[in-house]
Amino acid sequence: MIRSIRAKTLNYTDLRAKSGILAVYNQCMTELIADDTPPTPTFAELGLDPAIVRAITDTGYTTPTPIQAAAIPAVMGGRDLKACAQTGTGKTAAFSLPLLQRLLPHANASTSPAKHPVRALILTPTRELAIQVYDNLKEYGKYLPYRIACVYGGTDIKPQIAELKLGVEFLVATPGRFLDLVEQKAVNLQSVQALVLDEADRMLDMGFIPDIQRILNLLPKTRQGLLFSATFSTEIQRLADTMLQNPEYIEVAKRNSVSDTITHQVHPVAESRKMALLVNLLRTGTMNQALVFVRTKQGCSRLARALQHAGIKTDAIHGDKSQSERMKALSAFKAGEMQALVATDVAARGIDIEELPYVVNYELPHTPEDYVHRIGRTGRAGNLGNALSLVSADETGYLADIEKLINKPITQIVVPGFEPEEDWCYPPSGKKRDRSALNSNRSTERSPRGERSDRNERSERRPERSDRPQQDRTRSHYTPKPSTIAADGFDFNKPYESTASTPSNANDTKPAAPSRRPGRMVAALLGGIKKTQP
């Protein structure tokens, strides 16, 4: 193989010599080095079938992305793989295309379900991502006789069972619904040759580890394992090493990095003014369409209703909504029928919107990795994007973690009329805000000055304890207190005493209480009471 040779001029800019032997050296000295970076191959040069290349050409793609160029040969070779790349760089095609090629000998047009067992299982954390992977597989394999199915929760399971009974080679699923199908014996896993964990870090963070472990125990021991994700942590890598067998690691970009086509910006603002600022940006700014992220489902619905009341076409997607409602809202947003779509982090994975101009973090996420996935919805496929974050005083710690993760400072711009709280401080001091102290200060500030002056005057008028006249306690006698004994001898200072405890006086004659007459006997319910014979 002939390697291309290029001439490189050695220019020692740190020496800054413009004459003498160094200048001659900089002008004349060259180094012939081998350019070890090969040109990017085409999809056909990667060894893909012409039917797959034809489908790729129909989508408009001509050159594979770096993650695709590195992962496709490794997957086609049968290696286990861990792949890390930025969001929006084509990770789905990086495992879909080689699996379509690798399982091509098993593709057939038979109508028998036995000829179409599950050979590739692809697990995703969310329904939206499962649908995106399913659509890509259908698009890339439309000229091949593959059967592809997608199963997820939130919909009726009976149609999914009926589809699986017809036989499928590629099954895209969420972990919970897949285990439901296994318990109903609707899927056979004896022929599975490849397992793909897409967005594996999110699956592990969402608590799917027990489900994933159960699924691993159901699969054949000899299978290929592929783990794709936009972010990796040390714990994720350690767990992935136990799930994969001698995996090959591919990292085409810096870990947890973001695209250079995204512009980051922070608007410091008081928590109570976030809503007004967002409405102002959507009405008066150049934000013709924005995907707005919040932390909770309740906050998502509340923000969407508030934007609707402000006259902005808005909808919300979160975990409590049915799949049909979520897909309807997402389709309307993609079609440009809505200006804003409010979503929780469940929608941060798998939403692929072409040329989405803005992503707004109405609330910063608790983990900085989620910030990477949120803003990954914009600036995709080389397009320009903007990431705006509305940050209050309580969120400065999250902002510092995000800047540390992406290794770049984020520009902070205060919008006039929407200033942050008085205790807004960045970088954060590390001390928690003492709300009780703040409340006490506010109550002190709210107290009228006149009231304070009156209190001061009263305190001044009141003499000190040392100035008060002292009582002469050396006197031998005191002023007698008025008597509390009545004329009949009753002492009002004594506690009450019952008549039984006091001794009776012989001279006092009290009328005797009349004796109580015994009550008449009443017949009982069953037969009455038998009288005794005299």
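The rules behind these values
- Residues numbered from 1 in each chain as written.
- Predicted model: local features only at pLDDT ≥ 70, side-chain atom pairs only at ≥ 80, totals over all residues.
- Heavy atoms only, no water.
- Helix = DSSP H or I, 4+ residues; strand = E, 2+ residues; numbered from the N terminus.
- Buried < 20%, exposed > 50% of the residue type's maximum accessible area, 1.4 Å probe, protein only.
- Areas by Shrake-Rupley, 256 points an atom, 1.4 Å probe, with all protein chains shown as cover.
- Lys, Arg positive; Asp, Glu negative; His and termini not counted.
- Salt bridge = Lys/Arg side-chain N within 4 Å of Asp/Glu carboxyl O.
- Polar contact = N/O pair within 3.5 Å; in protein donor to acceptor, adjacent residues only side chain to side chain.
- Contact = heavy atoms within 4.5 Å.
- Phe/Tyr/Trp six-rings, centres within 6.5 Å; stacked < 30°, edge-to-face > 60°.
- Lys NZ or Arg CZ within 6 Å of the ring centre and 35° of its normal.
- Pairing = 2+ DSSP bridges.
- Axes fitted to C-alpha atoms, helices over the stretch in contact; angles between N-to-C directions.
- Parallel < 35°, antiparallel > 145°, perpendicular 65-115°, else oblique.
- Left-handed = near helix turned anticlockwise from the far one by under 90°.
- Nonpolar A, V, L, I, M, F, W, Y, C, P; charged D, E, K, R; others polar.
- Core = buried A, V, L, I, M, F, W, Y, C linked by side-chain atoms within 4.5 Å.
- Expected span 1.5 Å × (residues − 1).

### Some words on the overall build of the chain
Logical step 1: Within the chain, the secondary structure is distributed over 17 helices and 16 strands.
Logical step 2: Out of the 534 residues in the chain, the part that is buried amounts to 41%.
Logical step 3: Summing over all exposed atoms, the chain offers an accessible surface of approximately 31800 Å²; the carbon and sulfur share of this is 51%.

### What about the side chain of Glu169?
Logical step 1: Relative to the elements of secondary structure, Glu169 occurs in the loop between helix H6 (157–165) and strand E6 (170–173).
Logical step 2: Here Glu169 sits buried without a salt bridge, and the closest side chain of opposite charge, Arg119, lies 5.6 Å off (N-O distance).
Logical step 3: Looking at Glu169, its side chain comes within polar contact range of the side chain of His116, at 2.4 Å.
Logical step 4: Side-chain polar atoms of Glu169 contact the backbone nitrogen of Arg147, separated by 2.8 Å.
Logical step 5: Here Glu169 is in contact with His106, Asn108, Lys115, His116, Pro117, Val118, Arg119, Ala120, Tyr146 and Arg147, once residues within four sequence places are set aside.

### Overview of the packing of aromatic side chains
Logical step 1: By the definition in use, this model includes three aromatic pairs.
Logical step 2: When the centroid spacing of 5.3 Å and the interplanar angle of 55° are considered together, the rings of Phe95 and Phe228 count as tilted. Of this pair, Phe95 sits in helix H4 (residues 91–102) while Phe228 sits in strand E8 (residues 224–229), and the two are 133 residues apart along the sequence. Taken as a pair, Phe95 and Phe228 share a single burial class, namely buried.
Logical step 3: The positively charged end of Arg54 is found above the aromatic ring belonging to Tyr143, 3.9 Å away from the centroid.
Logical step 4: When the ring centre of Tyr362 is taken as origin, the NZ or CZ atom of Lys274, which lies over that ring, is 5.7 Å away.

### Some words on the sheet that holds strand E3 (residues 81–84)
Logical step 1: As summarised here, the arrangement of the seven strands in space is E5-E6-E4-E7-E8-E3-E9, forming an open sheet in which the pairing is parallel. Lying at the two open borders of the sheet, with one neighbouring strand each, are strand E5 (148–151) and strand E9 (248–251). Adjacent strand axes in the sheet meet at a mean angle of 15° when their direction is disregarded.
Logical step 2: Pairing geometry for E3 and E9, over four bridges, is parallel. Within the sheet, the bridge partner assigned to Leu81 lies in E9 and is Glu248.
Logical step 3: Together, E3, E8 and E9 form the strand contacts of helix H3 (residues 66–76), whose direction differs from that of E3 by roughly 175°.

### A short note on the packing of H6 against helix H7 (residues 175–183)
Logical step 1: Look at H6 against H7: their axes get within 11 Å of each other, and the N-to-C directions meet at 65°. Considering their axes alone, H6 and H7 lie roughly perpendicular with respect to each other. Of the two possible hands of crossing, H6 and H7 adopt the one that is right-handed. Of the residues in H7, those in contact with Ile157, Gln160, Ile161 and Leu164 of H6 are Arg177, Asp180 and Leu181.
Logical step 2: In terms of residue class, the contact of H6 with H7 is made up of four nonpolar, one polar and two charged.

### Notes on the sheet that holds strand E15 (residues 385–391)
Logical step 1: Spatial strand order, E12-E13-E11-E14-E15-E10-E16: seven strands in an open sheet with parallel pairing. Edge positions in the open sheet fall to strand E12 (314–317) and strand E16 (411–412), since each of these has one partner strand only.

### Let's talk about the nonpolar core
Logical step 1: In terms of nonpolar packing, the biggest core is built from 42 residues, with Leu48, Leu81, Leu97, Leu137, Phe170, Leu226 and Phe228 touching the most fellow members.
Logical step 2: Non-local contacts of Leu137, meaning those with residues more than four positions away in its chain, are made with Ser96, Leu100, Ile122, Ile148, Phe170 and Val172.
Logical step 3: Counting residues in hydrophobic clusters, the runner-up holds 35 residues, among them Val168, Leu204, Ile215 and Leu227.

### With respect to the pairing of strand E4 (residues 120–123)
Logical step 1: On E4, burial covers both faces: Ala120 and Ile122 on one face and Leu121 and Leu123 on the other are all buried.
Logical step 2: Examined bridge by bridge, E4 and E6 share four bridges and lie parallel to one another. The residue bridging Ala120 from the neighbouring strand is Phe170, located in E6.
Logical step 3: Pairing of E4 with strand E7 (residues 194–198) involves four bridges; the strand directions are parallel. By the bridge assignment, Ala120 is partnered in E7 with Ala194.

### Thoughts on the environment of Pro427
Logical step 1: Locating Pro427 in the fold gives a position in the loop between E16 and helix H16 (435–446).
Logical step 2: The class for Pro427 is exposed, based on a relative accessible area of 58%.
Logical step 3: Distance in space between the C-alpha atoms of Pro427 and Gly397 is 7.9 Å, their sequence separation being 30 residues.

### Section: H7
Logical step 1: Every buried residue of H7 is listed here: Pro175, Arg177, Phe178, Leu179 and Leu181.
Logical step 2: In this structure, the buried side of H7 is in contact with E4, E5, H6, E6, helix H8 (200–205) and helix H9 (209–218).
Logical step 3: Backbone geometry just downstream of H7 places Lys185 in the positive-phi region, at approximately 55°.

### With respect to unusual backbone geometry
Among all residues except glycine, the phi angle is most often negative; among peptide bonds, the trans geometry is most common.
Logical step 1: Here Tyr426 and Pro427 are connected by a cis peptide whose omega angle stands at 0°.
Logical step 2: Phi is positive for Asn246, close to 50°, though the residue is something other than glycine.
Logical step 3: Relative to the helices and strands, Asn246 resides in the loop between helix H10 (234–243) and E9.
Logical step 4: When its relative accessible area of 69% is taken as the criterion, Asn246 is described as exposed.

### Thoughts on H4
Logical step 1: Taking 1.5 Å of rise per residue, 12 residues should cover 16 Å, and H4 covers 17 Å from first to last C-alpha, within 8% of that figure.
Logical step 2: Those residues of H4 that sit buried are Lys91, Thr92, Ala93, Ala94, Phe95, Ser96, Leu97, Pro98, Leu99, Leu100 and Gln101.

### Observations concerning the environment of Pro268
Logical step 1: Mapped onto the fold, Pro268 is located in strand E10 (residues 262–268).
Logical step 2: Spatially, the C-alpha atoms of Pro268 and Trp424 are 8.1 Å apart, while their sequence positions differ by 156 residues.
Logical step 3: Those residues in contact with Pro268, other than ones at most four positions away along the chain, are Val391, Gln412, Ile413, Val414, Phe418, Glu419, Pro420 and Trp424.

### Concerning the pattern of salt bridges
Oppositely charged side chains can form a pair if their charged atoms are brought close together.
Logical step 1: Throughout the structure, instances matching the rule amount to 13 salt bridges.
Logical step 2: Between Glu248 and Arg79 there is a salt bridge; the shortest N-O distance is 3.6 Å. Of this pair, Glu248 sits in strand E9 while Arg79 sits in the loop between H3 and E3, placing them 169 residues apart in sequence.
Logical step 3: Residue classification places Arg79 among the partly exposed positions, given a relative accessible area of 39%.
Logical step 4: Residue Lys297 pairs with Asp320 through a salt bridge whose shortest N-O separation is 3.1 Å.

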